[in-house]
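Fold and contact review
Each chain, letter by letter, is given below.
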Amino acid sequence: RLAKQGGVHGPSLPQASRLSPRGACLGAMASMQYAKEAIVLSTIQLVADNDKRTQTLELTGSVVWKAKSAVLSASLSDAMLNNTRLTALNLSECNIGDTALCKLADAIQHNGTLFDLNLSHNKLGRPGLVHLGTKLADNTGLMNLQLEGHRINSEVAHAFVEMFRTNFTLTKLIWKLDVSGYTL
């Protein structure tokens, strides 16, 4: 039952050791879309504990995250400040706004181990995206960033162009510009 609610991915583990003491499923990639709040919180705690088995966190469309995105995003950001294990984070369709994005950007500014970040289809606007672009200028780990479904203006574009002057590790930026009802 927990294997379907997991959301943390790490090296393959023997079946008996797949459940952590906190109840989160480890060892197999699974969606946390319908996971209960306790499981989401225990997974964030695993990130904070720098658990060696927490490499990928898949939260796409998490019902709990959508309802409590500001609080959970702040908790995850705090958990990531000293984390050296998490390599992929998918927060697409999680109702994340600019304030949460700014806190997350601060957390990943000097993180050298997060390689993939998906923030597609959230509620990101100019302030959050400009802050993200600015903070990524100092990042040396992130290689893939997905920002599909977000509008950009010249200020946002400028922040990302400036970021690429010093950030040579971000090699794949997916930003689909054809948002319906909006033209550049």
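Whatever comes next refers back to the structure up there.
Quick summary incoming for the structure in this document. (Residues numbered from 1 in each chain as written. Predicted model: local features only at pLDDT ≥ 70, side-chain atom pairs only at ≥ 80, totals over all residues. Heavy atoms only, no water.)

**Examining the packing of aromatic side chains**
Inspection of the entire model under this criterion finds one aromatic pair. Ring geometry for Phe160 against Trp175: centres 4.9 Å apart, planes inclined by 75°, an arrangement best described as edge-to-face. In this pair, Phe160 is assigned in helix H6 (residues 154-163) and Trp175 in the segment after strand S6 (172-174), connecting sequence segments 15 residues apart. By the burial criterion, Phe160 is buried, and Trp175 matches it. (Phe/Tyr/Trp six-rings, centres within 6.5 Å; stacked < 30°, edge-to-face > 60°. Helix = DSSP H or I, 4+ residues; strand = E, 2+ residues; numbered from the N terminus. Buried < 20%, exposed > 50% of the residue type's maximum accessible area, 1.4 Å probe, protein only.)

**Points about helix H1 (residues 37-48)**
The terminal C-alpha atoms of H1 lie 16 Å apart, and with twelve residues this matches the ideal 16 Å at 1.5 Å per residue to within 8%. Looking one or two residues beyond H1, the residue adopting positive phi is Asn50, at roughly 55°. (Expected span 1.5 Å × (residues − 1).)

**Let's talk about the pattern of salt bridges**
Applying the stated rule across the entire model yields six salt bridges. Asp51 is paired through a salt bridge with Arg53; the nearest N and O atoms lie 3.2 Å apart. Overall, Asp51 belongs to the buried group, its relative accessible area being 15%. A residue is classified by how much of its surface remains accessible, and Arg53, at 17% relative accessible area, is buried. Among the ionic pairs, Arg126 bridges to Glu155, the shortest N-O distance being 3.3 Å. Note that Arg126 is positioned in helix H5 (residues 126-136) and Glu155 in helix H6, a separation of 29 residues in sequence. (Salt bridge = Lys/Arg side-chain N within 4 Å of Asp/Glu carboxyl O.)

What is shown is where atoms sit, not what they do.
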